[in-house]
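Observations on the model geometry
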Amino acid sequence: MAEPQTRLSRREEHTSLRQRGIYLLPNLFTSASLFGGFYAIVQAMNQHFEQSAIAIFIAMVLDGLDGRVARMTNTQSAFGAEYDSLADMVSFGVAPALIVYVWALQPMNKLGWIAAFIYCACAALRLARFNTKIDDPFQDKRYFQGLPSPAAAALLAGFVWVSYEYNIDGREIFFGAVQVKWIAWCLTVFAAGSMVSDLKFYSGKDINLRHSVPFVAILAVVLAFVLISYSPPEVLFSVVFVYTLSGYYLWTRDRMAAKNKT
């Protein structure tokens, strides 16, 4: 008898989604990010891997903006959080796995699609873990637990983009020994494992855009734009690769510090 009363109280407490509506601005960025992931999949199916990689990076930028826009305009909502997770799963889970599979892993048959599926599953697990800990008061907001899925997607897309820039096909063989498809396979599994690891990765959430910054910071931003415009594939892939290694560096540093204390 208590269950119907609970349902009634919930209905009285929370108005329906149709009555409340949804916030347009942050969800526009989320929709654009979702479109970027879908567009990347379509272009990969058409063998246009450069466009696929660019679409993933654009989706990553848009995904970073939707949360900040929601916080700055005070338009956070449960709907937006769920929508963002679903969009991330497509853009940074399914899309990168399919891109690297079509580009290099397909000739490997079972090993190829198994690696792509492992990446896809780890992206889903990473997002689920993030959602369950988003309101954890003991969680250090300065760091992510595990490699963020957008960074993992950018790692794979960046590798494909750099290879395409240098006319390296996913089925080529380096120096008659190393096959590109095995490099792609190892990188895919490495990105997947990094997402579900307990490594710490800097989140950047402590950066306040409303505060003043030193003049050197503006010069650094200008320099970053110059470098990216000069050679986008190499610079973006290098930045993402260094960021991925940063989690392993922090883990090694903490282990060494703990070892020195003992």
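Reading the values: the criteria
Residues numbered from 1 in each chain as written. Predicted model: local features only at pLDDT ≥ 70, side-chain atom pairs only at ≥ 80, totals over all residues. Heavy atoms only, no water. UniProt positions renumbered as here; feature names shortened; annotations may be inferred. Axes fitted to C-alpha atoms, helices over the stretch in contact; angles between N-to-C directions. Helix = DSSP H or I, 4+ residues; strand = E, 2+ residues; numbered from the N terminus. Parallel < 35°, antiparallel > 145°, perpendicular 65-115°, else oblique. Left-handed = near helix turned anticlockwise from the far one by under 90°. Contact = heavy atoms within 4.5 Å. Nonpolar A, V, L, I, M, F, W, Y, C, P; charged D, E, K, R; others polar. Salt bridge = Lys/Arg side-chain N within 4 Å of Asp/Glu carboxyl O. Buried < 20%, exposed > 50% of the residue type's maximum accessible area, 1.4 Å probe, protein only. Patch = residues over 30% accessible without salt bridge, like charges linked within 9 Å, V, L, I, M, F, W, Y side chains within 5 Å. Areas by Shrake-Rupley, 256 points an atom, 1.4 Å probe, with all protein chains shown as cover. Phe/Tyr/Trp six-rings, centres within 6.5 Å; stacked < 30°, edge-to-face > 60°. Core = buried A, V, L, I, M, F, W, Y, C linked by side-chain atoms within 4.5 Å. Expected span 1.5 Å × (residues − 1).

Identification of the protein as CDP-diacylglycerol--serine O-phosphatidyltransferase from Methylophilus flavus is taken from an unreviewed UniProt entry. The Sequence similarities (unreviewed entry) comment attached to the protein in UniProt states, word for word, "Belongs to the CDP-alcohol phosphatidyltransferase class-I family." Annotation of the protein in UniProt includes, under Catalytic activity (unreviewed entry), the sentence "a CDP-1,2-diacyl-sn-glycerol + L-serine = a 1,2-diacyl-sn-glycero-3-phospho-L-serine + CMP + H(+)".

Contact geometry for helix α3 (residues 24-45) and helix α4 (residues 49-72): axes closest at 8 Å, N-to-C directions at 165°. One element, α3, and the other, α4, form an angle in the roughly antiparallel class. Between α3 and α4 lies a crossing of left-handed hand. Together, L25, P26, F29, T30, A32, S33, G36, G37, Y39, A40, Q43 and A44 of α3 and F49, Q51, S52, A55, I56, A59, L62, D63, L65, D66, V69 and A70 of α4 make up the contact between the two elements. For the contact of α3 with α4, the residue count by class is 15 nonpolar, seven polar and two charged.

Another point: the pattern of salt bridges. Evaluation of the coordinates by the stated rule reveals three salt bridges. Salt-bridge contacts for R129 lead to D198; the nearest nitrogen and oxygen are separated by 3.5 Å. Of this pair, R129 sits in helix α6 (residues 110-132) while D198 sits in the loop between α8 (180-195) and β4 (200-202), and the two are 69 residues apart along the sequence. Looking at R129, the relative accessible area reads 18%, which means it is buried. Here D254 ties to K200 by a salt bridge, and the two come within 3.4 Å at their closest N and O atoms. A residue pair is termed long-range when its members are at least 10 positions apart, and D254 in helix α10 (residues 232-261) and K200 in strand β4 qualify at 54 residues. Three or more residues joined by partner-sharing salt bridges are found here, namely K200, R253 and D254.

A word on the UniProt feature "transmembrane region" (unreviewed entry) in the protein. Under the UniProt annotation, the feature "transmembrane region" (unreviewed entry) is placed at residues 21-42, 48-65, 86-105, 111-131, 143-162, 182-201, 213-229 and 235-251. A distance of 26 Å separates the end C-alpha atoms of residues 48-65, which is 94% helix and 0% strand.

So, about a nonpolar patch on the surface. Residues I218, V222, L223, V226 and L227 make up a contiguous nonpolar surface patch of roughly 430 Å² in combined accessible area. One can find L227 in helix α9 (residues 215-230). L227 gets classed as partly exposed once you look at its relative accessible area, which sits at 43%.

Contact geometry for helix α5 (residues 78-105) and α8: axes closest at 9 Å, N-to-C directions at 155°. On the basis of their axis angle, the class for α5 and α8 is roughly antiparallel. α8 is crossed by α5, and the crossing has left-handed handedness. Together, V100, W103, A104 and L105 of α5 and V180, K181, A184, W185 and T188 of α8 make up the contact between the two elements. Residue composition of the contact of α5 with α8, grouped by class: seven nonpolar, one polar and one charged.

On to the packing of aromatic side chains, then. The full count for this structure, using the stated rule, is 11 aromatic pairs. Ring centres of F190 and Y248 lie 5.5 Å apart, and the angle between their planes is 20°; on these two criteria the pair is classed as stacked. With F190 in helix α8 and Y248 in helix α10, the pair connects residues that are 58 residues apart, well separated along the chain. In textbook terms, an aromatic cluster arises when at least three aromatic residues are bridged by ring pairs, as seen for W103, F159, F237 and F241.

Next up on the list: the nonpolar core. The biggest cluster of nonpolar side chains holds 52 residues, and the ones touching the most others in it are W103 and Y119. Apart from residues no more than four positions distant in its own chain, Y119 is found in contact with F92, G93, P96, A97, S149, A152, A153, L156, T188, A191, A192 and M195.

Now for α3. Between the first and last C-alpha of α3 there are 31 Å, a value that for 22 residues agrees with the 32 Å anticipated at 1.5 Å per step. Lining the buried residues of α3 we find α4 and α5. Downstream of α3 by one or two residues, Q47 has phi in the positive range, about 65°.

Our next topic: unusual backbone geometry. With phi around 65°, Q47 is a residue other than glycine that occupies positive phi space. Residue position: Q47 is located in the loop between α3 and α4. Of note in the backbone geometry, N109 takes a positive phi value of approximately 55° without being a glycine. Here N109 is to be found in the loop between α5 and α6.

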